[in-house]
Amino acid sequence: IDKHSFDVESLPTHLLNHAKVWEHAISRLPVRGVLSHLRTMAKRGFLTNESSPVLGKVLQSIRDPLALAASKLQPADILSVIAQVESCWEHPPTTAHRAKTQSPNYVKIPSPHHSLITGLQKMLVSSLSHVPKVPCSVVICVDCRPTITKGCWGLWSLKAVKAMSLTILALMKGGADITLTTLGEDKLMKQLPLNTTDTVETLGSRLEKVKGGVMDPALLMRWAREGTKRADLVICMTDSHAEVDREDLWTELELYRSTVCPVKHIYMALSSKSLFPTVANKTDPHMLDICGWGQDSTRIIQAFAKDCF
């Protein structure tokens, strides 16, 4: 590898069982390549021990600020990797998978050393500076009921609250002026604190502790209209709540637009595969529903806010 610049992708599978191969290969891989091979290395036990030379090479790669900048990795890319590492790349706990784990031939991937998670979390924080700048004014309402800790559709090991927290922080780092709210158990809108020093963990922890009520998008729009809160975009974030008074929401949106300012609306159901019927009015091009979690979610929101589609 050192002499002839072999790429790890071109090596026979049996050679990947040798730590020495990975030690020499990692330094030739871009950061994206290192992240995509974490499962392969972990499966062979190369990321379990703190003294592992392979783990050392991986940490060296993900700590390199120049390599991170060149990779153009977005925070959502790294959060997805963190969720997979924390779950040891386990499949969703379906009946079929549970049966598979009972097989005597089933081998669980060893848990990587905690320094890998720590390194990835620091990498995520650094990657926030790579979020494209899209200045706009955004009102976000988060469904803070206990179900906020459910997994996301598309990545079951990622809690909805973490996906929400990352989306909020990424939009803020991209220049959005955010008003963060929730609907309390008393059916009153409450504004929540949001700091520039927040991380996915700190913001997620605060959201989990909030005693929230059932989300009501129409009530949110009424609150924003009566308080003359000007916004380019309003986002409702929930795990899977779909019982929305759609007609009332559409009416409140039109009232807001006629009395305050033009506004777009996004309804995010992170634990849902789909919404039926849709919350968005199909005749209104300024409404959008987003279901599940994807690494492009933040970029879709920014593009929608700036009339890119």
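Residues numbered from 1 in each chain as written. Predicted model: local features only at pLDDT ≥ 70, side-chain atom pairs only at ≥ 80, totals over all residues. Heavy atoms only, no water.

### Examining the state of the cysteines
Item 1. Applying the stated criterion to the full structure yields zero disulfides.
Item 2. The closest cysteine sulfur to the non-disulfide-bonded Cys-308 is located on Cys-136, 11 Å from its own sulfur.
Item 3. Given the relative accessible area of 59%, Cys-308 is considered exposed. (Disulfide = S-S within 2.5 Å. Buried < 20%, exposed > 50% of the residue type's maximum accessible area, 1.4 Å probe, protein only.)

### Side note on unusual backbone geometry
Item 1. Looking along the chain, the bond that leaves Phe-276 and enters Pro-277 is cis, with omega of -5°.
Item 2. One non-glycine residue, Lys-72, lies in the positive phi region at around 60°.
Item 3. Turning to its location among the elements, Lys-72 is positioned in the loop between α5 (65-71) and α6 (75-86).
Item 4. For Lys-72, a relative accessible area of 61% translates into the label exposed.
Item 5. The phi dihedral of Asp-307 is positive, around 60°, even though this residue is not glycine.
Item 6. A relative accessible area of 56% means that Asp-307 is categorised as exposed. (Helix = DSSP H or I, 4+ residues; strand = E, 2+ residues; numbered from the N terminus.)

### Quick look at the side chain of Glu-23
Item 1. Following the sequence through the fold, Glu-23 ends up in helix α1 (residues 19-26).
Item 2. Those residues in contact with Glu-23 that lie beyond four places of it in its chain are Pro-53, Val-54 and Lys-57. (Contact = heavy atoms within 4.5 Å.)

### Here we look at the nonpolar core
Item 1. Core analysis: the biggest nonpolar cluster contains 74 residues, and Leu-38, Leu-116, Ile-140, Ile-235 and Trp-293 have the highest contact counts within it.
Item 2. Counting residues per element, this core draws most heavily on helix α9 (residues 160-173), at nine residues.
Item 3. With near-sequence residues (within four places) excluded, Leu-116 lies in contact with Leu-38, Leu-47, Leu-55, Val-58, Leu-59, Ile-62 and Val-85.
Item 4. Judged by nonpolar contacts, the second largest core, of 26 residues, contains Ala-224, Tyr-256, Val-263 and Met-287. (Core = buried A, V, L, I, M, F, W, Y, C linked by side-chain atoms within 4.5 Å.)

### So, helix α11 (residues 217-226)
Item 1. Among all positions in α11, only Pro-217, Ala-218, Leu-219, Leu-220, Met-221 and Ala-224 are buried.
Item 2. Two residues or fewer past α11, Thr-228 is found with a positive phi of approximately 50°.

### Considerations on the pattern of salt bridges
Item 1. Considering all chains together, one arrives at 13 salt bridges under this definition.
Item 2. A salt bridge links Glu-252 to Arg-222, with the shortest nitrogen-to-oxygen separation between them at 3.0 Å. Of the two residues, Glu-252 is situated in helix α12 (residues 246-259) and Arg-222 in helix α11; the sequence distance between them amounts to 30 residues.
Item 3. We classify Glu-252 as buried; its relative accessible area is 5%.
Item 4. By relative accessible area, Arg-222 is classed as partly exposed at 24%.
Item 5. Residues Arg-299 and Asp-296 are paired through a salt bridge, measuring 2.7 Å at the closest nitrogen-oxygen approach. (Salt bridge = Lys/Arg side-chain N within 4 Å of Asp/Glu carboxyl O.)

### Focus: the pairing of strand β3 (residues 155-159)
Item 1. As defined by bridge partners, strand β2 (residues 151-152) adjoins β3 across two bridges and the pair is classed as antiparallel. Counted as the bridge partner of Cys-152 is Leu-155 from β3.
Item 2. With antiparallel pairing between neighbouring strands as the criterion, β2 and β3 make up a hairpin whose turn holds two residues, including Gly-154 at a positive phi of roughly 105°. (Pairing = 2+ DSSP bridges.)

### Remarks on the pairing of strand β6 (residues 233-238)
Item 1. Among the six residues in β6, six count as buried, and that is most of the element.
Item 2. Every second residue of β6 is oriented toward a common face, with Leu-233, Ile-235 and Met-237 on one face and Val-234, Cys-236 and Thr-238 on the other, all of them buried.
Item 3. Where β6 meets strand β7 (residues 264-269), six bridges bridge the pair, whose relative direction is parallel. Bridging across to β7, Cys-236 finds its partner in Tyr-267.
Item 4. With respect to chirality, the unit in which β6 leads through α12 into the neighbouring parallel β7 is right-handed. (Right-handed = clockwise from strand over helix to strand, strands pointing away.)

### Observations concerning the packing of α6 against helix α8 (residues 114-127)
Item 1. α8 packs onto α6 with a crossing angle of 165° between their chain directions and a minimal axis gap of 9 Å. Compared by their axis directions, α6 and α8 come out roughly antiparallel. For the pair α6 and α8, the sense of crossing is left-handed. Contacts from Pro-75, Ile-78, Leu-79, Val-81, Ile-82, Val-85 and Glu-86 in α6 reach Leu-116, Ile-117, Leu-120, Gln-121, Met-123, Leu-124 and Ser-127 in α8.
Item 2. When the residues that make up the contact of α6 with α8 are grouped by side-chain class, the tally is eleven nonpolar, two polar and one charged. (Axes fitted to C-alpha atoms, helices over the stretch in contact; angles between N-to-C directions. Parallel < 35°, antiparallel > 145°, perpendicular 65-115°, else oblique. Left-handed = near helix turned anticlockwise from the far one by under 90°. Nonpolar A, V, L, I, M, F, W, Y, C, P; charged D, E, K, R; others polar.)

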